[in-house]
Amino acid sequence: MKYDAIKKYAERKNNKRREKIERGFLFGKRIESEMCGEKVVTLFYEGEKDGLVITVHGGGFLYNSVYDEDCYCDFIRKITGYNVASLDYTLSYKRGYPLQLNQCDGQIKMLLKSGAARGGKIALVGHSAGANLAAALALKSLRDKEYEISALCLNYPALDNYKLGKERKFYPFTFTNYELDTFAEIYCEGRENRRDPYVSPLFAEDAELKLFPPTLLVKAKGDRLGEDAERMYEKLSAVGVKAIISDAKMRHGFIEDGMRRKSGAMRGYAEQVTESTVKILCKLLSEDTRL
């Protein structure tokens, strides 16, 4: 098979990293469950206020894990006082779409059933591929009407998996055409299948986009996915959704990478960006304030 070697490499790398992290200290409380026939671990961070902030990790659907969000989620809990949860999903080297979307959806329902939001509002945050899932979850929530997302934050989002790498603007020191195409194909086989708005949220119809929650988009420096953030901002604004876009001074993945560091300039900037975005999310989660 075309991608067998990459899948095996991703499996070895992720298993080794995940096992190491699981043996160490975690800020979040582990909640183990089975979603769609696969084990997942949701991390939960208890706050004092009504409301829930949910995050979804990135990694091209192929790498990383829920544990990559641990420091980030604990930081959000500390500065906001809200409950925070981080969603897990099976990586694409094992199984592809729609498993990941359904697992995240299942975890949100599980959290709400347990009272994690305390009857308050829900904000959803995603990074890169996780931002893809976050946008798809917002769309799914509109269609299924089983829960409501009140605010959405998409950090350097991957929102068009139909577009080929060679069709994107080139920047050095970032994703190659091959990497972009490989992430997309392993996640959802068959290019035409990636026109599905659950796979490529930029393909959602205006009639659904106009029902989206207020949305923040963070665009990374020199990021080949930056155009996805710009296009989503333009589409949401055109249909009357409150949308904000900001240009970050660091490269793709800087928030998660920075928050895992104990100190330094990268940690400081990651905290700065997180505080500014979370400040807006808090306004949206408050019953008496608006943007």
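> What am I meant to see in the packing of aromatic side chains here?
The geometry of an aromatic ring pair is captured by the separation of the ring centres together with the interplanar angle, meaning the angle of the planes. Taken as a whole and judged by the stated rule, the model has nine aromatic pairs. A centroid spacing of 6.4 Å and a plane angle of 70° characterise the contact between Tyr9 and Tyr63, whose relative ring orientation is edge-to-face. Separated by 54 residues along the polypeptide, Tyr9 in helix α1 (residues 4-22) and Tyr63 in the loop between β3 (49-56) and α2 (70-80) bring together distant segments of the chain. We classify Tyr9 as partly exposed; its relative accessible area is 43%. With a relative accessible area of 16%, Tyr63 lands in the buried category. With 6.4 Å between their ring centres and 85° between their planes, Tyr63 and Phe183 make a pair best called edge-to-face. With Tyr63 in the loop between β3 and α2 and Phe183 in helix α5 (residues 177-187), this residue pair connects regions lying 120 residues apart in the sequence. For the pair Tyr63 and Phe183, a shared accessibility class is recorded, and that class is buried. Linked through ring pairs, Tyr9, Tyr63, Phe175 and Phe183 together constitute an aromatic cluster.

> Explanation requested: the environment of Gln107 in the structure shown.
Looking at the element boundaries, Gln107 is found in helix α3 (residues 99-113). The class for Gln107 is buried, based on a relative accessible area of 0%. Linking Gln107 and Asp88, residues 19 residues apart in sequence, is a C-alpha distance of 8.3 Å.

> Just checking my understanding: could you explain the layout of surface pockets for this structure?
Leftover empty space is mapped by rolling, across the atoms, a probe with the size of a water molecule. Estimated volume of the largest pocket: approximately 680 Å³. Forming the walls of the largest pocket are 36 residues, and the residues nearest its centre are Gly59, Gly60, Tyr63, Phe175 and Phe183. Elements with a contribution of two residues or more to the lining of the largest pocket: α1, α5 and α8 (254-259). Across the lining of the largest pocket, the residue classes tally to 14 nonpolar, ten polar and twelve charged.

> How should I be thinking about helix α7 (residues 226-238) in this particular structure?
Side chains three or four residues apart in an α-helix point the same way, a direct result of the helix having 3.6 residues per turn. Across its 13 residues, α7 extends 19 Å between first and last C-alpha, which sits within 8% of the 18 Å expected from 1.5 Å per residue. Along α7, the residues classified as buried are Gly226, Glu227, Asp228, Ala229, Met232 and Leu236. Residues of α7 that are buried make contact with α6 (206-209), β7 (215-219) and β8 (243-247). Gly240 sits one or two positions beyond α7 and adopts a positive phi of about 90°.

Conventions used here
Per chain, the residues get numbers from 1 upward, laid out in the order the sequence is written. Where totals are concerned, whole chains, interfaces and linings use all residues; where local detail is concerned, this predicted model gives features only for residues with pLDDT of at least 70, and gives and counts side-chain atom pairs only at 80 or more. Based on all heavy atoms of the structure, the side-chain values leave hydrogens and waters out of the count. Note on aromatic contacts: the rings of Phe and Tyr and the six-membered ring of Trp form a pair at centre separations within 6.5 Å, being stacked when their planes are under 30 degrees apart, edge-to-face when over 60 apart, and tilted otherwise. Numbered from the N terminus, helices here are DSSP runs of H or I no shorter than four residues, and strands are runs of E no shorter than two. Relative accessible area decides the class of each residue, using a 1.4 Å probe on protein chains only: under 20% of the type maximum gives buried, over 50% gives exposed, and in between gives partly exposed. Points on a 1 Å grid, built from protein atoms alone, make a cavity when a 1.4 Å probe fits but cannot get out and make a pocket when they are open with protein on both sides within 12 Å along at least 5 of 7 lines; residues with an atom within 4 Å of a point are the lining residues. Grid points are joined across faces, edges and corners, and a volume is the space filled by probe spheres set on the points. In this classification, the charged set is Asp, Glu, Lys and Arg, the nonpolar set is Ala, Val, Leu, Ile, Met, Phe, Trp, Tyr, Cys and Pro, and all remaining amino acids, among them Gly, are polar. Expected helix span is taken as 1.5 Å per residue step, with the number of steps being one fewer than the number of residues. The contact criterion used is simple: two residues touch if any of their non-hydrogen atoms lie within 4.5 Å.

Geometry only, nothing functional implied.
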